[in-house]
Amino acid sequence: MSCPFSSRGAREKDAPKDAEGKIAPNLPSGVTPIGYHEYLKLDEILGAQSLRSELYNKPAHDEMLFIIVHQVYELWFKQALHEIDSIRGLFQRKSSMADETSMLTIQQRLNRVVEILKLCVAQFNLLLTMSPMDFESFRAFLIPASGFQSLQFRLFENRLGIRPAQRIKYHNDDYKESLAPEQMERARASETEPSLLDLVEHWLERTPGVNTAWWSELEQNVIAHQAQVREAAAAIEDKVLRESELENCTVAEATFKEFFDPEVHGQKVARGQRRMSHEGLKGALLIFWFRDLPRFQIPFNMLTALQDIDTQLLEWRHKHATMVQRMIGSKMVLCLCVSDISVYMHLCLCVLVCTSWYVSLRTSSPWTCCEIYGSPSVWCCPTDKFVTMHETTNSLFNVDVSCASTHADGCCWSTF
């Protein structure tokens, strides 16, 4: 066997030769060699830009940019779907054996989706090098093509967890109406499959420590702390400041009541203000609170990545809306819009309503940042020994982590 660090001449001398005496590639048995151009199918890819403006003998230089940017979007959507589907597959495994090593893989792939979405957001800067007049030079040749017809983006939304009832209808039609018949079936099927949000919620419900008596003790500590805060607010002499602080106390008490009362939380879920179950939210908060514990470090990074995905999609929608306003304005256009709403306004509404699938995580700050409501002593353990995140190294707020690997009902992270 030749040394891999020997000279090039020696390596070529010992390398296997084909029938013509040329150096044969070191391939596994049965594998044929392939070149870069053929492997990437560059002929098909580079030949897929058909300019409609040239077809009608009115060539527009910027149509090439417009096509390539949108084709690249579709390629990134394909990769994002590939990652999300693989993550869903890991969550859906039926194995009863503990395999928390999958969490690292899930975290890595979620982070990859975040980076993909960052690229998608950045691509708007390329489109914005095209002026509205440049776009107008070929826009008429594209009707009725529209980004609303992107099947992959709709699948991506559904895989993440958007529900049909959350969508804002355009032209008073279901979004699937703009798709081809075979695409409609794929979109319809994706609405009935378990979404990533569904699977994450189920996984969070099985977080070690969710079903322990510690939560009742924590509730009593919070109630006592809020009573002290209200008493201090009531003692303020300045009337305006006193009323303001008392109002803050009322808001804080309502917030904590929602957290500790499953019925109140369920009402918010029914109104669409929360997407996650009460048990799932408790699991998420345990991970947030005890993110320094080795067992919760990767889960914390996973939840952070999910929020980053949501944030990047919000940014993508916002930049999309502002770009549309810049290119075609916010007025209603007959060929693109009906029902008293412009394309721009529709996209703006989507930013506000349709994007925050992980709203339960995004709005959990009042519980994860206890300093907002005063001293960290609100999170004291039952023995009245105040603990902080760094002091809590072996317990879930006085709950032994080593003994909390299963719930009262036997659920744990052993199975996703």
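None of these values were measured; they are calculated from a predicted model.

**Brief notes about the overall build of the chain**
For the chain, the helix and strand inventory stands at 18 helices and zero strands. Every one of the 416 residues in the chain was classed for burial, and the buried ones make up 41%. Summed over its atoms, the accessible surface of the chain is roughly 23,000 Å², and 57% of this surface lies on carbon and sulfur atoms.

**A look at the environment of leucine 128**
If you trace the backbone, leucine 128 turns up in the loop between helix 6 (102–127) and helix 7 (132–139). Taking the relative accessible area as the measure of exposure, leucine 128 reaches 25% and is therefore partly exposed. Along the primary structure leucine 128 and methionine 323 are separated by 195 residues, whereas in three dimensions their C-alpha atoms are 7.2 Å apart. Each residue touching leucine 128, except ones within four places of it in the same chain, is listed here: Met323, Arg326 and Met327.

**Some thoughts on the pattern of salt bridges**
Taken as a whole and judged by the stated rule, the model has 15 salt bridges. Where lysine 118 meets glutamate 115, a salt bridge forms, and the shortest distance between an N and an O atom there is 3.4 Å. With lysine 118 and glutamate 115 both in helix 6, this residue pair falls three residues apart, about one helical turn. When its relative accessible area of 39% is taken as the criterion, lysine 118 is described as partly exposed. Each of Asp85, Arg88, Arg159 and Glu193 takes part in a single network of salt bridges with overlapping partners.

**Section: the packing of aromatic side chains**
Throughout the structure, instances matching the rule amount to 19 aromatic pairs. Between phenylalanine 135 and phenylalanine 138, the ring centres sit 5.5 Å apart and the planes meet at 80 degrees, which makes this aromatic pair edge-to-face. Note that phenylalanine 135 and phenylalanine 138 are positioned in helix 7 at a spacing of three residues, about one turn of the helix. Each member of the pair, phenylalanine 135 as well as phenylalanine 138, is classed as buried. Between the aromatic rings of tryptophan 214 and tryptophan 289, the centroid separation amounts to 6.2 Å while the plane-to-plane angle is 75 degrees, which identifies the pairing as edge-to-face. Taken together, the residues tryptophan 214 in helix 11 (residues 214–234) and tryptophan 289 in helix 14 (residues 278–289) connect sequence positions 75 residues apart. Look at tryptophan 289 and you get buried, because its relative accessible area is 3%. One aromatic cluster is present, built from ring pairs that chain together Tyr73, Phe77, Phe124, Phe153 and Trp316. The ring of tryptophan 215 has lysine 282 sitting right over it, with the charged end atom 4.9 Å from the ring centre. Sitting over the ring of phenylalanine 300, arginine 291 keeps its end group 5.8 Å from the ring centre.

**Overview of the confidence of the model for the chain**
Taken residue by residue, the chain gives an average pLDDT of 78. The fraction at 70 or more is 71%. Segment residues 332–340 is flagged for pLDDT under 50; beyond a separation of four residues in sequence, or across chains, it makes 18 contacts in the model. Throughout residues 369–411 the model reports pLDDT below 50, and contacts reaching past four residues in sequence, or to other chains, amount to 90 contacts.

**Points about unusual backbone geometry**
The step from isoleucine 143 to proline 144 runs through a cis peptide bond, and the omega angle for that step is 5 degrees. Following the sequence through the fold, proline 144 ends up in the loop between helix 7 and helix 8 (151–160). Unusually for a residue other than glycine, lysine 41 sits at a positive phi of about 50 degrees. Residue position: lysine 41 is located in the loop between helix 2 (36–39) and helix 3 (42–46).

**A look at helix 14**
For helix 14, spanning twelve residues, the distance from its first C-alpha to its last is 16 Å, which sits close to the expected 16 Å at 1.5 Å a residue. Within helix 14, burial applies to His278, Gly280, Leu281, Lys282, Gly283, Ala284, Leu285, Leu286, Ile287, Phe288 and Trp289.

**Examining the packing of helix 6 against helix 15 (residues 294–328)**
Where helix 6 contacts helix 15, the two axes come as close as 9 Å, and the packing angle between them is 15 degrees. Taken together, the axes of helix 6 and helix 15 lie roughly parallel to each other. With respect to the hand of their crossing, helix 6 and helix 15 are arranged in left-handed fashion.

**A look at a nonpolar patch on the surface**
A contiguous nonpolar patch, built from Ile34, Tyr36, Tyr39 and Leu40 and spanning about 480 Å² of accessible area, is present on the exposed surface. Residue placement: isoleucine 34 occurs in the loop between helix 1 (8–14) and helix 2. On the accessibility criterion, isoleucine 34 (49% relative accessible area) is partly exposed.

Cut-offs applied
- Residues numbered from 1 in each chain as written.
- Predicted model: local features only at pLDDT ≥ 70, side-chain atom pairs only at ≥ 80, totals over all residues.
- Heavy atoms only, no water.
- Helix = DSSP H or I, 4+ residues; strand = E, 2+ residues; numbered from the N terminus.
- Buried < 20%, exposed > 50% of the residue type's maximum accessible area, 1.4 Å probe, protein only.
- Areas by Shrake-Rupley, 256 points an atom, 1.4 Å probe, with all protein chains shown as cover.
- Contact = heavy atoms within 4.5 Å.
- Salt bridge = Lys/Arg side-chain N within 4 Å of Asp/Glu carboxyl O.
- Phe/Tyr/Trp six-rings, centres within 6.5 Å; stacked < 30°, edge-to-face > 60°.
- Lys NZ or Arg CZ within 6 Å of the ring centre and 35° of its normal.
- pLDDT = per-residue confidence, 0-100.
- Expected span 1.5 Å × (residues − 1).
- Axes fitted to C-alpha atoms, helices over the stretch in contact; angles between N-to-C directions.
- Parallel < 35°, antiparallel > 145°, perpendicular 65-115°, else oblique.
- Left-handed = near helix turned anticlockwise from the far one by under 90°.
- Patch = residues over 30% accessible without salt bridge, like charges linked within 9 Å, V, L, I, M, F, W, Y side chains within 5 Å.

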